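Each chain, letter by letter, is given below.
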Amino acid sequence: MEKIVFQGTVEDLRIERRRQDDFPGMQECHFHEHYELYYLVSGERQYFIQDRSYRVQAGDLVLVNSNQIHKAFHCADDAHTSHERILVEISSGVFEAFGNFFPDIDFRSFFAEHFGVFHLDKDERREVERLLYSMTQEMKKGEVGASALVRMKLMELLTLLVRMQNNTMQEDAAPEDPKRQKVQEVARFLSENYSAPLQLEEIASCAYVNKYYLCHIFKEVTGLTLREYLNLCRIRQAQKLLRESSRSVTEISEEIGYDSVNYFGKVFKEYMGITPLQYRRLGFV
């Protein structure tokens, strides 16, 4: 069972507060151009971002950079999957506006360099919750100047994170855990070699583990199969090439590692909801 407690939008900014009981997490692993702040109000979650896995507890704040592959799901050792979270989606236009007020802070670079989990102490958590509550209240009232005030509160929240990054940023999750280390290595390998015609046996051989064991631990740690993660890496690059180049769909298909352009089209539509040609024709380039 899930309940949307609040949902609101102002220009280039969206906030959603959602409560979920006995629900496994995001239906799909995905990526998108906007930036995300994910605050866990209650419960525990597993959060996979790019090639790292984190355990997120109530009071933690997660940063996701633009176009990073990510997924939230329930912890394998937690029988109770109930949780409540606040999600803030930020378009790049917001950061452009912030540059006029904070020329000394590059928020895009901040997300790129400090994505992951912020463990907040009691005072930090209280301040973050105050700012998030103020943002939602302004959206609810919808009075004159609401959009500007919401942006100001977000600017204050992000500035707070910049100031406390040195002592609250979580490093790679459980670096001493050999299983997580192995999965992180494999995820990084796939993200760097997605264009190669990779087979499961080859990936497992490079990781020096049994292929069945690798499939098991990769799914456990990331919430994804190896094939799903590889497809996401490829489709993300395909989007970039469709936007920024004049290469044909066939050329792009070959460049990102697919033998069949028809299969590439099928996978692209599965993840994006439209074909590669439709994506290009709709003005994404």
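The rules behind the values
Residues numbered from 1 in each chain as written. Predicted model: local features only at pLDDT ≥ 70, side-chain atom pairs only at ≥ 80, totals over all residues. Heavy atoms only, no water. Helix = DSSP H or I, 4+ residues; strand = E, 2+ residues; numbered from the N terminus. Rg over C-alpha atoms; globule rule 2.2 N^0.38 Å. Buried < 20%, exposed > 50% of the residue type's maximum accessible area, 1.4 Å probe, protein only. Contact = heavy atoms within 4.5 Å. Areas by Shrake-Rupley, 256 points an atom, 1.4 Å probe, with all protein chains shown as cover. Lys, Arg positive; Asp, Glu negative; His and termini not counted. Charge placed at Lys NZ, Arg CZ, Asp CG, Glu CD. Phe/Tyr/Trp six-rings, centres within 6.5 Å; stacked < 30°, edge-to-face > 60°. Lys NZ or Arg CZ within 6 Å of the ring centre and 35° of its normal. 1 Å grid on protein atoms, 1.4 Å probe; cavity = no way out; pocket = protein on both sides within 12 Å on 5 of 7 lines; lining within 4 Å. Points joined across faces, edges and corners; volume = space filled by probe spheres on them. Nonpolar A, V, L, I, M, F, W, Y, C, P; charged D, E, K, R; others polar. Pairing = 2+ DSSP bridges. UniProt positions renumbered as here; feature names shortened; annotations may be inferred. Axes fitted to C-alpha atoms, helices over the stretch in contact; angles between N-to-C directions. Parallel < 35°, antiparallel > 145°, perpendicular 65-115°, else oblique.

Concerning the overall build of the chain
Here is step 1 of the chain: Regarding its fold elements, the chain presents eleven helices and nine strands.
Here is step 2 of the chain: Its C-alpha atoms give the chain a radius of gyration of 20 Å, within 12% of the compact-globule value 19 Å for 285 residues.
Here is step 3 of the chain: In terms of principal-axis extent, the alpha carbons of the chain reach across some 55 × 45 × 40 Å.
Here is step 4 of the chain: The burial tally for the chain puts 50% of its 285 residues in the buried class.
Here is step 5 of the chain: Sequence separation of 24 or more characterises 69% of the internal contacts of the chain that already satisfy a separation of 6 or more.
Here is step 6 of the chain: When the accessible surface of the chain is totalled, it reaches about 14200 Å², and 48% of it is carbon and sulfur.
Here is step 7 of the chain: Taken as two groups, the 36 positive and 44 negative side-chain charges of the chain have centres that lie 3 Å from each other.

Considerations on the packing of aromatic side chains
Here is step 1 of the chain: Evaluation of the coordinates by the stated rule reveals 15 aromatic pairs.
Here is step 2 of the chain: Relative to Phe111, the ring of Phe110 has its centre 6.3 Å away and its plane inclined at 90°; by these criteria the two rings are edge-to-face. Taken as a pair, Phe110 and Phe111 share a single burial class, namely buried.
Here is step 3 of the chain: What links up through ring pairs into an aromatic cluster is the set Tyr35, Phe95, Phe98, Phe107, Phe110, Phe111 and Phe118.
Here is step 4 of the chain: Lying over the aromatic face of Tyr258, Arg234 brings its terminal NZ or CZ to 4.9 Å of the ring centre.

Focus on the layout of surface pockets
Here is step 1 of the chain: Taken as a whole, the second largest pocket encloses approximately 230 Å³ of empty space.
Here is step 2 of the chain: Along the walls of the second largest pocket sit 14 residues, with Gln50, Ser66, Asn67, Gln68 and Arg236 positioned nearest its centre.
Here is step 3 of the chain: Broken down by element, the lining of the second largest pocket gets its largest block of residues, six residues, from helix H8 (residues 226-244).
Here is step 4 of the chain: For the lining of the second largest pocket, a count of residues per class yields four nonpolar, seven polar and three charged.

Concerning the pairing of strand E1 (residues 2-10)
Here is step 1 of the chain: Of the strand pairs in this sheet, E1 and strand E2 (residues 13-20) are connected by eight bridges, and their pairing is antiparallel. Note that in E2 the partner of Ile4 across the bridge is Arg18.
Here is step 2 of the chain: Taking the residues that link successive antiparallel strands as the turn, the E1-E2 hairpin has two residues, and the phi of Asp12 there is positive, at about 65°.

Details of the UniProt feature "domain: HTH araC/xylS-type" (unreviewed entry) in the chain
Here is step 1 of the chain: Under the UniProt annotation, the feature "domain: HTH araC/xylS-type" (unreviewed entry) is placed at residues 184-282.
Here is step 2 of the chain: Helix makes up 75% of residues 184-282 and strand 0%, whereas the separation of the span's terminal C-alpha atoms amounts to 36 Å.

Let's talk about the side chain of Arg18
Here is step 1 of the chain: Within the fold, Arg18 resides in strand E2.
Here is step 2 of the chain: What makes Arg18 buried here is its relative accessible area of 15%.
Here is step 3 of the chain: Setting aside anything within four residues of it in sequence, one finds Arg18 in contact with Glu2, Lys3, Ile4, Val5, His83, Glu84 and Arg85.

Concerning the packing of H8 against helix H10 (residues 261-272)
Here is step 1 of the chain: Contact pair H8 / H10: the axes reach a minimum separation of 10 Å and the direction vectors enclose 95°. On the basis of the axis angle, H8 is roughly perpendicular to H10. Along the contact surface, H8 presents Glu228, Asn231, Leu232, Ile235, Ala238, Gln239 and Leu242, while H10 presents Tyr263, Phe264, Val267, Phe268, Tyr271 and Met272.
Here is step 2 of the chain: When the residues that make up the contact of H8 with H10 are grouped by side-chain class, the tally is ten nonpolar, two polar and one charged.

A word on the sheet that holds E1
Here is step 1 of the chain: Strand order across the open sheet formed by six strands is E1-E2-E8-E3-E6-E9, with antiparallel pairing between neighbours. Whereas interior strands pair on both sides, the edge strands pair on one side only; in this sheet they are E1 and strand E9 (116-119). Averaged over all neighbouring strand pairs, the angle between strand axes comes to 15°, with direction disregarded.
Here is step 2 of the chain: The sheet contact formed by strand E3 (residues 35-42) and strand E8 (residues 83-90) spans seven bridges and is antiparallel. Note that in E8 the partner of Tyr38 across the bridge is Leu87.
Here is step 3 of the chain: Lying over the sheet, helix H3 (residues 122-141) contacts E1, E2, E3, E8 and E9, oriented at roughly 70° with respect to E1.

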